Amino acid sequence: MNIKLVDHIYFVGIGGIGMSALARYFNAKGKKVSGYDKTPSILTDELKSEGISLHFDENHIPNDIKNSNFQSVLIVYTPAVSKDSLQLQFFTSKKWNVLKRAEVLGLITENAYTIAVAGTHGKTTTTSILAHILNFSDIFCTAFLGGISSNYNTNLILSESGDIVVVEADEYDRSFLKLFPDISIITSLDADHLDVYEDVEDMKNTFKIFASNTKQNGLLLVNKSIDVDFEAPLDGSLMTYSSAVRADNIAFNLRIEDDSQYFDANFKEIMPGQVYEYELKDIQLQLPGKHNVENAIAAIVVASSMGAKPEKIKAAIKDFKGVKRRYDLHAKGKYVYIDDYAHHPEEIKATIEATKQLFPEKKITVVFQPHLYSRTRDFAAEFGDSLSLADEVLLLDIYPAREIPIQGVNSEMLLTKVANCEKSLLKKAELIEELTNPKRELLLTLGAGDIDQFVEPLKNYYINEMD
């Protein structure tokens, strides 16, 4: 399909983080953009302010869509939208041009120099760091981010010059198989989305297919911790990176100084017919945790291979302010408040461990909103182990997202897996009162559902009440 021939693009599920980035992209390109979402949000408010028309009534199909020439309209939907969606049923029954978000992303990137970042964790931060280094180095790129960059206050970085695209490669629904990158990064591979994949082996095999889609002469960069035998692209390169074990590219001497994380790096730059080796000392990263250092070293390797100079790379990382809801430090002093998107056991573990490293003397209270019944069921024991690293755990009800309840799977069940700390269940209606009376010494809110609606009131309270 030739997107250039399309006049109007309508999004079913326009408020999602990936969908809204696409909507912004086409709006910036001069296309007419509109869409539907289930509920209003900060993102939908922003899209409206940018001139995009949207609504929240699933039974409503805008007249300018119904009365248009269907060949000039593209319908884009996200896998998060139910197959029973009245909107999808209408468009598919009328044989309109209907594509998944990943298919559209594939069309956008097919003629661009594409850098794709895959992984069950770390892809949003890695994508954001990489895009920031490139643009900081005047290697301008368009980037589709899975979160809101704190440097740019958007999930779309748009370049009017050059044809470099940096994109997250989403493993959910095997969406990343629609991409054929020039450079592929795989940050991590842990069991997840077992509603889509049969088992861990199925996930590993699918990641291998994604890796094999890297173009001839391309670069495949893989976290050394991943237990998969990937093959180098034809006539291309396969490299590894780590902050813990020997790899082609390593970060080492990790330490906390003046509330920032510092590390040194030995890394390789892959250029046509040449491999150059560099060492950078005293790289300052505002994000804590070994996992974020590894996200940074992956971005360093690729940015260097794209022509970014070491001194620019170092300055860009120091300037990188993070991604909203990825270890957002909202209050720091006697009382600390941090919010994070972590919703997988490994992410929760990494976030709590990073917090202990940064604030070793403080008692950590975690409020966690489990995301999906299936994920809670499949990883209940692992969630229990990770949450048990905290001093106090408060569990909200499971956020269902696209799922219907599963019998016997609930937060009460999950709470039984948490050990060696204070623990209790909490309703959303009780959350503000519970967390402000009394204030917690260090509060950490975690989850991928609608727990983010409490961030602003909690932030304001913890900032205004610091003493």
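Residues numbered from 1 in each chain as written. Predicted model: local features only at pLDDT ≥ 70, side-chain atom pairs only at ≥ 80, totals over all residues. Heavy atoms only, no water.

Caption draft 1: Focus on the sheet that holds strand β2 (residues 32-36). What the five strands build is an open sheet, ordered β3-β2-β1-β4-β5; its pairing is parallel. Each of the sheet's edge strands pairs with one partner strand only, and the pair in question is β3 (53-55) and β5 (97-100). Taking each pair of neighbouring strands and ignoring which way they run, the sheet shows an average axis angle of 20°. Relative to β2, strand β1 (residues 8-12) runs parallel, the two sharing five bridges. Each bridged residue has a counterpart across the sheet, and for F11 the counterpart in β2 is G35. Here helix α1 (residues 17-28) sits on the sheet in contact with β1, β2 and β4 (73-77), set at roughly 170° to β1. Where helix α4 (residues 86-93) meets the sheet, its contacts fall on β1, β2, β3, β4 and β5, and the angle it forms with β1 comes to roughly 140°. (Pairing = 2+ DSSP bridges. Helix = DSSP H or I, 4+ residues; strand = E, 2+ residues; numbered from the N terminus. Axes fitted to C-alpha atoms, helices over the stretch in contact; angles between N-to-C directions. Contact = heavy atoms within 4.5 Å.)

Caption draft 2: Here's a closer look at the pairing of β5. Of the strand pairs in this sheet, β4 and β5 are connected by four bridges, and their pairing is parallel. By the bridge assignment, V76 is partnered in β5 with L99. After leaving β4, the chain enters α4 and then returns to the sheet as β5, a path that is right-handed. (Right-handed = clockwise from strand over helix to strand, strands pointing away.)

Caption draft 3: Geometry of the packing of helix α10 (residues 345-358) against helix α12 (residues 380-387). Direction vectors running N to C along α10 and α12 enclose 5°, while the axes themselves pass 9 Å from each other. The angle between the axes of α10 and α12 places the two elements in the roughly parallel class. The residues of α12 that touch α10, namely those facing P345, I348, K349 and I352, are E382, F383, S386 and L387. Residue composition of the contact of α10 with α12, grouped by class: five nonpolar, one polar and two charged. (Parallel < 35°, antiparallel > 145°, perpendicular 65-115°, else oblique. Nonpolar A, V, L, I, M, F, W, Y, C, P; charged D, E, K, R; others polar.)

Caption draft 4: Fine view of the sheet that holds strand β18 (residues 364-369). Strand order in the open sheet formed by six strands is β16-β17-β21-β18-β19-β20, with mixed pairing between adjacent strands. Of all the strands in the sheet, the pair left with one neighbour each is β16 (328-331) and β20 (422-425). Pairs of neighbouring strands in the sheet enclose a mean axial angle of 15°, with direction left out of account. Here strand β17 (residues 336-340) runs beside strand β21 (residues 442-447); their pairing, made up of five bridges, is parallel. Bridge pairing in β21 places D339 opposite T445.

Caption draft 5: Spotlight on the pairing of β17. Most of β17 is tucked away, with five of its five residues classed as buried. Burial along β17 is two-sided: V336, I338 and D340 facing one way and Y337 and D339 facing the other are all buried. Where β16 hands over to β17, the hairpin turn is made up of four residues, counted between the paired strands. (Buried < 20%, exposed > 50% of the residue type's maximum accessible area, 1.4 Å probe, protein only.)

Caption draft 6: Geometry of the side chain of T44. Counting through the fold element by element, T44 comes out in helix α2 (residues 42-49). Judged by relative accessible area, T44 falls into the buried class, the value being 0%. T44 has contacts with G15, D37, T39, L54 and F56, leaving out every residue within four places of it along the chain.

Caption draft 7: Local environment of the packing of α1 against helix α5 (residues 101-109). Two elements in contact, α1 and α5, have axes whose closest approach is 11 Å; the angle formed by their N-to-C orientations is 40°. In this view, α1 runs oblique relative to α5, as classed from their interaxial angle. For the pair α1 and α5, the crossing hand works out as left-handed. Between α1 and α5, the residues in contact are G18, M19, L22, Y25 and F26 and R101, V104, L105 and I108, respectively. Considered class by class, the residues forming the contact of α1 with α5 number seven nonpolar, one polar and one charged. (Left-handed = near helix turned anticlockwise from the far one by under 90°.)

Caption draft 8: Region of the structure containing α12. Taken as a whole, α12 has its buried residues at A380, F383, G384, S386 and L387. In an axial view of α12, the angular spread of the buried residues amounts to 165°, which keeps them on one side of the axis. Buried residues along α12 sit against α10, β18, α11 (373-378), β19 (392-395) and α13 (411-415). (Arc of directions from axis to C-beta.)

Caption draft 9: Seen up close, the packing of aromatic side chains. Applying the stated criterion across every chain, the model contains eleven aromatic pairs. Aromatic side chains Y337 and Y462 sit 5.9 Å apart centroid to centroid with 35° between the ring planes, which places their arrangement in the tilted category. Of this pair, Y337 sits in strand β17 while Y462 sits in helix α15 (residues 455-464), and the two are 125 residues apart along the sequence. Classification of Y337 as buried rests on a relative accessible area of 0%. (Phe/Tyr/Trp six-rings, centres within 6.5 Å; stacked < 30°, edge-to-face > 60°.)

Caption draft 10: Up close: a negative patch on the surface. Side chains of E346, E353, E382 and D385 sit close together on the surface and give a patch of like negative charge. Secondary-structure elements contributing two or more residues to the negative patch are α10 and α12. By secondary structure assignment, the location of E353 is in helix α10. A relative accessible area of 41% means that E353 is categorised as partly exposed. (Patch = residues over 30% accessible without salt bridge, like charges linked within 9 Å, V, L, I, M, F, W, Y side chains within 5 Å. Areas by Shrake-Rupley, 256 points an atom, 1.4 Å probe, with all protein chains shown as cover. Salt bridge = Lys/Arg side-chain N within 4 Å of Asp/Glu carboxyl O. Lys, Arg positive; Asp, Glu negative; His and termini not counted. Charge placed at Lys NZ, Arg CZ, Asp CG, Glu CD.)

Caption draft 11: Spotlight on the pattern of salt bridges. Applying the stated rule across the entire model yields 25 salt bridges. A salt bridge links K100 to D173; the nearest nitrogen and oxygen atoms lie 2.4 Å apart. Here D173 lies in the loop between β9 (164-169) and β10 (183-186) and K100 lies in strand β5, a separation of 73 residues in the sequence.

Caption draft 12: Seen up close, unusual backbone geometry. Cis rather than trans, the peptide bond between N437 and P438 has omega equal to 5°. Here P438 lies in the loop between α14 (428-436) and β21. Not every positive phi belongs to a glycine, and D282 is a case in point at roughly 55°. Here D282 lies in strand β15 (residues 274-285).

So far we have only geometry, and geometry alone does not tell us how the molecule works.
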